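A structural walkthrough
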Amino acid sequence: MTAETAVRMPRRRRRERVNVGRVIMLALLVPLMGGPAYILLVNAFKTQQDIQSQPFGIPFDRLTLQPLIDAITSPEYNVVASYGFTAAIVVVVDVICIALAGPAAYVIARSTSRKTRLLMLYFLAGTFIPGAAMVIPAIYVLRTLGLVNSFAGLVLYDSATTLPVSIFLMVGYIATVPRDIDQAASIDGAGRLRTFWTIIFPLLRPAVVTVLILNSIGLWNDFVSPQILLGPSSDQYTVTTAIYTGISQYTTDLTKVFPNLLLAVAPVIVFFLYMQRHIISGLTVGATKG
Amino acid sequence: MGLANAVIADARSPRTRSGEGAAARKRNRRLKDTAVSLGMAGPAVLLYSALMVVPVGVAIYLSFTDWDGFSDAAFIGIQNYTHLFTDPNTTHSMWVTVLIVIFGSAFQIGFGLMYALALRQKSRTNSVFRALTYYPHVISALILGFLWNAILGTKGALNTLLAPFGIGPVGFLFEQNLALISLIAVIVWAGFGFNVVLFVAALQTVPLELIEAAEIDGASRWQINRNIVIPMIAPVVTVALILSLIGLLRAYDIVVSLTGGGPAGSTSTYAYVILAQSFGSTKIGYANAQAVFLMIVSAALALLVTALRNRSDKAAEGEG
């Protein structure tokens, strides 16, 4: 409630004084933060000559859709073609993660035994391990399982890495759901698994949304695991690996760099604009509580 | 917790009858409960163990060997670990990483705090500015790096902007020290907005009465921020700081796309050396020792987070 009062109450005295420092700070944000986004946007529609001679200008009579069309129809390292593959990874991992993390979180949250509680610590230990360090030994395990350079291997590895934070966030949320609800369901004859999926899970919506947003953004932007676990021989590219492979071939051709980068960020920016409120609260909760 | 347990005990007690049959039934039921719990948590435990825990074990094992990927591995004790600190390539990358971690997190927190204080009140303009600071956080660091590479290049946008003033072309990415500074600047640019949002959320829980009381007492805005507001959000700042530290310790994607570790290795971070150099080489034992060392440092920092967070939680409980 304090947050509400802190915000809603008008502060006349503050408003009257124009804070010059604040105005300068905010004015600086426009070129510093907006500039790169502007450069990315306008240069995706210009010729190489125009990009280099006037990167900030908009030569209205010479703007062209050709670079963007070329990027969309490019036979090699096509970013748009990689949307589907990346989205498939995101969706499959999200489903596996929720399907596995949900029931596990329920068991942990509802357990009264110390042994089960230790499970939480076991999972939490996973948040300490940086992906850059993890992915190298993971390759040997995947190789033993015959899953290296495959979609299945990448998806299983990604799912494993999302489990710790997801379980942690869900345990915290389940703890706020009264146990009487479980009791009522069990008296009605529902088993534990069924109680979880039909009664408890629908109540976890906010936690599940947070988990899905955290995971989806992380997976869409992930570069290390697809780069290392898929490898060039798999011939499958996510948005990031397609950009990486493409740009290392055509660094100097800016009419390829800008349209491809624009296509790579477009889905995330659209998602961000639509879901801004959820994303911001999801990521802050994920960071402070995860 | 305590209350919930009492509820369960209450619910069970009417059903508890004396007699062996009831005891056996109860034991059966408990056994079944354990089996169901195991079945529910099992898949998660299995997947996590197979692809997160086992690899750590594999890495630790390999880090004590001289395995090259083909021939038989031989134990060489801690030789790989001592090599970590004598191999100039690796030690240099450690220094680069330390500089990135220190300056990157200091500026990410500093700017985060400054802009959070400026944008803390709820209004439409403020939320637009917040989104403006924040948007890079949802974009892949790899892509941000490529974008800045195009901006900071010798023929890039920034040099075009400086040229009319007779400056440059400046080798933002091609002079050793400047390249590291550019890398840190881009990292700060990409990351401080996340702290803005984090801190704004914390600032909005600071009671207004406190600030008004101080205003009536004639405190200046700076005094209020310095002595009342910032101490009250200190726990969140601590968390943000250590998240920054851990995040920057792993800097890899942005190095790949912005500088490729160059010029002359001046921006090769520790994670970059592991993945771009050691990983492709035949020194697999050594690569794993490098990875294990990163895990240890990362875990040490993460434990620090947990310890500090627990301490601040306890302090908060004490107040409540």
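Keep in mind that what you see is a predicted model, and the values were worked out from it rather than measured.

Rules and cut-offs
- Residue indices begin from 1 for each chain and proceed along its sequence in written order.
- As they are written, the chains are lettered A onward and the ligands numbered 1 onward, keeping that order.
- Residues qualify for local features only when their pLDDT is at least 70, as the model is predicted, and side-chain atom pairs are given and counted only at 80 or more; totals for whole chains, interfaces and linings, by contrast, use all residues.
- Side-chain figures throughout are based on the complete set of non-hydrogen atoms in the structure, without hydrogens or water.
- Here a strand is any run of E in DSSP of at least two residues, a helix any run of H or I of at least four, and the numbering for each starts at the N terminus.
- Here the globule rule reads 2.2 Å times residues to the power 0.38, and the radius of gyration is calculated from C-alpha atoms.
- Think of it in three bands: residues with accessible area under 20% of the maximum for their type are buried, residues over 50% are exposed, and the middle band is partly exposed, with areas taken using a 1.4 Å probe on protein chains only.
- Here a residue-residue contact requires only that any non-hydrogen atoms of the pair lie within 4.5 Å.
- Per-residue and other accessible areas were derived by the Shrake-Rupley procedure at a 1.4 Å probe size, with only the shown protein chains allowed to occlude residues.
- Start and end positions for the domains come from either an automated domain assignment or a database one.
- Buried area counts how much accessible surface, traced with a 1.4 Å probe, disappears from two parts once they are put together, with both parts' losses summed.
- Here, the arc refers to the directions that run from the helix axis to the C-beta atoms.
- Salt bridges are defined by distance alone: a side-chain nitrogen of Lys or Arg within 4 Å of a carboxyl oxygen of Asp or Glu.
- Within 3.5 Å is the distance limit for a polar contact, defined as a pair of N or O atoms, with the added protein rule that one can donate a hydrogen and the other accept it, and that residues adjacent in sequence qualify only through two side-chain atoms.
- What makes a patch is a set of residues exposed beyond 30% relative accessible area and free of salt bridges, joined within 9 Å when like-charged and within 5 Å when nonpolar (Val, Leu, Ile, Met, Phe, Trp, Tyr).
- A cavity, in this analysis, means grid points on a 1 Å lattice covering only the protein atoms where a 1.4 Å probe fits yet has no way out; a pocket is instead an open set bounded by protein on both sides within 12 Å along at least five of seven lines, and a residue lines either one if it has an atom within 4 Å of a point.
- Grid points are joined across faces, edges and corners, and a volume is the space filled by probe spheres set on the points.
- Note on residue classes: Ala, Val, Leu, Ile, Met, Phe, Trp, Tyr, Cys and Pro are nonpolar, Asp, Glu, Lys and Arg are charged, and everything else, Gly too, is polar.
- For this analysis, a nonpolar core means a set of buried residues of the types Ala, Val, Leu, Ile, Met, Phe, Trp, Tyr and Cys, connected via side-chain atoms within 4.5 Å.

Concerning the overall build of chain B
Summing up its helical and strand segments, chain B has 14 helices and 0 strands in all. When the helices and strands of chain B are listed from N to C terminus, the series reads α-α-α-α-α-α-α-α-α-α-α-α-α-α. Taken over the C-alpha trace, chain B has a radius of gyration of 27 Å; the compact-globule value for 320 residues is 20 Å, which it surpasses by more than 25%. When its C-alpha atoms are laid out on the principal axes, chain B stretches across 95 × 75 × 30 Å. Of all 320 residues assigned to chain B, the portion counted as buried reaches 48%. A separation of at least 24 residues holds for 67% of the contacts in chain B among residues at least 6 apart in sequence. Here chain B has roughly 15,500 Å² of accessible surface; of this, 65% comes from carbon and sulfur atoms.

Points about the domain arrangement of chain B
Residues and elements named next belong to chain B. Looking at chain B, the domain boundaries give domain 1 (18-63) and domain 2 (79-319). Taking only C-alpha atoms, the centre of domain 1 and the centre of domain 2 are 39 Å apart. Taken together, the contact pairs 5 residues of domain 1 with 8 residues of domain 2. Summing both sides of the interface, domain 1 and domain 2 together bury roughly 480 Å²; the carbon and sulfur share of this comes to 68%.

Details of helix 7 (residues 114-124) of chain A
Residues and elements named next belong to chain A. Of all the residues in helix 7, the buried ones are Thr-116, Leu-119, Met-120 and Phe-123. The arc that holds every buried residue of helix 7, seen down its axis, measures 100°, which confines them to one face. Among the exposed residues of helix 7, those pointing more than 90 degrees away from its buried face are Arg-114, Lys-115 and Leu-121.

What about the side chain of Ser150(A)?
Here Ser150(A) shows up in the loop between helix 8 (131-144) and helix 9 (151-174). Leave out the neighbours within four places in its chain, and Ser150(A) touches Leu229(A) and Leu230(A).

Examining the domain arrangement of chain A
All names here are of chain A. For chain A, the assigned domains are domain 1 (16-64) and domain 2 (79-289). Between the C-alpha centres of domain 1 and domain 2 there is a distance of 34 Å. The interface of domain 1 with domain 2 comprises 11 residues on the first partner and 9 residues on the second. For the pair domain 1 and domain 2, the two sides together bury roughly 730 Å², of which 79% comes from carbon and sulfur. Our enumeration of links across domain 1 and domain 2 arrives at 0 salt bridges. Where domain 1 meets domain 2, there are 2 residue pairs in polar contact (both at pLDDT 80 or more). The dominant element in the side of domain 1 that touches domain 2, judged by the number of residues it contributes, is helix 3 (residues 20-43), at 4 residues.

Here we look at a nonpolar patch on the surface
All names here are of chain B. Taken together, the side chains of Trp-95, Val-98, Leu-99, Ile-102, Phe-103, Phe-107, Phe-111 and Met-114 define a hydrophobic patch exposed on the protein surface, amounting to about 760 Å² of accessible area. Note that Ile-102 resides in helix 4 (residues 88-118). By relative accessible area, Ile-102 is classed as partly exposed at 48%.

A few points about empty space enclosed by the protein
All names here are of chain A. Under the definition given, this model contains 3 cavities of 30 Å³ or more. By volume, the second largest cavity amounts to about 50 Å³. Every residue lining the second largest cavity is listed: Thr-86, Ile-89, Leu-154, Asp-158, Leu-219, Trp-220, Asp-222, Pro-226, Thr-238 and Thr-240. Elements with a minimum of two residues in the lining of the second largest cavity: helix 6 (79-110), helix 9 and helix 12 (205-221). For the lining of the second largest cavity, the class distribution of residues is 5 nonpolar, 3 polar and 2 charged.

With respect to the environment of Gly172(A)
Residues and elements named next belong to chain A. Tracing the sequence through the fold places Gly-172 in helix 9. The partly exposed category is assigned to Gly-172, whose relative accessible area is 41%. The spacing of Gly-172 and Tyr-140 is 32 residues in sequence and 34 Å in space, taken between C-alpha atoms.

Observations regarding the nonpolar core
Among the nonpolar cores identified, the biggest contains 177 residues, and Ile167(A), Ile243(A), Phe258(A), Leu261(A) and Tyr134(B) are the most heavily contacted of them. The element contributing the most residues to this core is helix 8 (residues 176-203) of chain B, with 17 residues. Ile167(A) has contacts with Ala101(A), Ala104(A), Ala105(A), Ile108(A), Met120(A), Phe123(A) and Ala44(B), leaving out every residue within four places of it along the chain.

A word on unusual backbone geometry
Despite not being glycine, Asn149(A) shows a phi value in the positive range, around 60°. Along the chain, Asn149(A) turns up in the loop between helix 8 and helix 9. One non-glycine residue, Ala264(B), lies in positive phi territory at about 50°.

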